[in-house]
Amino acid sequence: MTKKKIVVFMPAHNEEENISGVIARVPRYFHPDYAVEVLVINDGSKDRTVAVAKAAGADHIVSFPHNQGLGAAVREGLKQCCLLGADIGIMIDADNEYPPEQIPDVLAPIIAGRAEYTFGSRFKGSIKGMKLHRRLGNYTFTLLQAILLRRWIYDGQSGMRGFSRDAMENAVIIHDYNYAQVLTINLVRQGYRLEEIPISYQVRTKGQSFIKFRQYVSSVLPAIYKEMRRPVSKKRQASLRLKRDEARV
């Protein structure tokens, strides 16, 4: 019997010190019905990220000639997952902050048919090493998403997210700098079911984050406003409801 496919994709920019450990810890055989492959989206790295990823066992690597931004890398990751024939995709940051061992937990609601979009939620799980200003920033942007979507969200900035095939095909990320808020708003407004799963989280010990607070605010807030003004397809919402009804029969 031909197995279904899960693609684990990792946006990476100058992560030569971290990416091999993340790839090595990806569970490859956690479900009998699924084969697991690893895809790296190299966002214009200037270090040895590509060579290290290949040596660590990445199955696929797609490289941008120059740095385009995390939003662009995630957009490309979703596209490449579909081109590779993935039934399910999961994104995990390449910085070794998120636990690859919990990929099965984050994907369980999608495999079971309870959700099409999932987070590995740090604030429902455990956090080590996050500074106070980062924690407050996460709370603020997560609260903003919750208000706009009129539903409670615990961790709107999580770097570990699962997607059904349909969610990957229809997700829209409208800016290149980042993806977190606009992607969730886009998918939930379309009618995709979201579930959050508690995970453990440890702040990176090697390398540097690209996030700068002032740039984050100036880039993300206008994108959120733009996404909220985009019309929601009633046809897409009706199609999702029909698929769920058919699955229950």
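Residues numbered from 1 in each chain as written. Predicted model: local features only at pLDDT ≥ 70, side-chain atom pairs only at ≥ 80, totals over all residues. Heavy atoms only, no water.

## Some points on the overall build of the protein
Move 1: Each helix and strand counted, the protein has nine helices and seven strands in total.
Move 2: If you line up the protein on its principal axes, its C-alpha atoms span 50 × 50 × 35 Å.
Move 3: The proportion of buried residues among the 249 residues of the protein is 51%.
Move 4: Pairs at least 24 residues apart make up 76% of the contacts formed inside the protein by residues separated by at least 6 positions.
Move 5: On the protein, roughly 11900 Å² of surface is accessible, and the fraction owed to carbon and sulfur atoms is 53%.
Move 6: Averaged over its 37 positive side-chain charges, the protein has a centre that lies 5 Å from the centre of its 25 negative ones. (Helix = DSSP H or I, 4+ residues; strand = E, 2+ residues; numbered from the N terminus. Buried < 20%, exposed > 50% of the residue type's maximum accessible area, 1.4 Å probe, protein only. Contact = heavy atoms within 4.5 Å. Areas by Shrake-Rupley, 256 points an atom, 1.4 Å probe, with all protein chains shown as cover. Lys, Arg positive; Asp, Glu negative; His and termini not counted. Charge placed at Lys NZ, Arg CZ, Asp CG, Glu CD.)

## Let's talk about the sheet that holds strand β1 (residues 4-12)
Adjacent strands of a sheet pair through backbone hydrogen bonds, lying either parallel or antiparallel.
Move 1: If you trace the seven strands from one edge of the open sheet to the other, you get β3-β2-β1-β4-β6-β5-β7, paired in mixed fashion. Edge positions in the sheet fall to β3 (60-64) and β7 (194-202), since each has one partner strand and no second. Across the sheet, the mean angle separating the axes of adjacent strands is 20° when strand polarity is ignored.
Move 2: Of the pairings in the sheet, the one linking β1 to strand β2 (residues 34-43) comprises nine bridges and is parallel in character. Directly across from lysine 4, in β2, lies its bridge partner tyrosine 34. (Pairing = 2+ DSSP bridges. Axes fitted to C-alpha atoms, helices over the stretch in contact; angles between N-to-C directions.)

## Regarding the pairing of β3
Move 1: As defined by bridge partners, β2 adjoins β3 across five bridges and the pair is classed as parallel. Within β3, the residue paired with aspartate 43 across the bridge is phenylalanine 64.

## Things to note about the nonpolar core
Move 1: The biggest cluster of nonpolar side chains holds 38 residues, and the ones touching the most others in it are Phe9, Val74, Leu78, Phe163, Tyr179, Leu183 and Leu187.
Move 2: Tallying contributions element by element places helix α3 (residues 70-83) first for this core, with seven residues.
Move 3: Setting aside its immediate chain neighbours within four residues, leucine 183 contacts Tyr117, Phe163, Ala171, Val172 and Ile173.
Move 4: Val40, Ile90, Tyr98 and Ile199 belong to the second-largest nonpolar core, a separate cluster that totals 29 residues. (Core = buried A, V, L, I, M, F, W, Y, C linked by side-chain atoms within 4.5 Å.)

## What to know about the packing of aromatic side chains
Move 1: If you walk through the whole model with that rule in mind, you get six aromatic pairs.
Move 2: Aromatic side chains tyrosine 117 and phenylalanine 119 sit 5.3 Å apart centroid to centroid with 85° between the ring planes, which places their arrangement in the edge-to-face category. Phenylalanine 119 carries the same exposure label as tyrosine 117, and that label is buried.
Move 3: Grouped by ring-pair contacts, the aromatic residues Phe9, Tyr117, Phe119 and Phe163 constitute a single cluster.
Move 4: Its guanidinium or amino end placed over the ring of tyrosine 154, lysine 124 lies 5.0 Å from that ring's centre, counting from NZ or CZ. (Phe/Tyr/Trp six-rings, centres within 6.5 Å; stacked < 30°, edge-to-face > 60°. Lys NZ or Arg CZ within 6 Å of the ring centre and 35° of its normal.)

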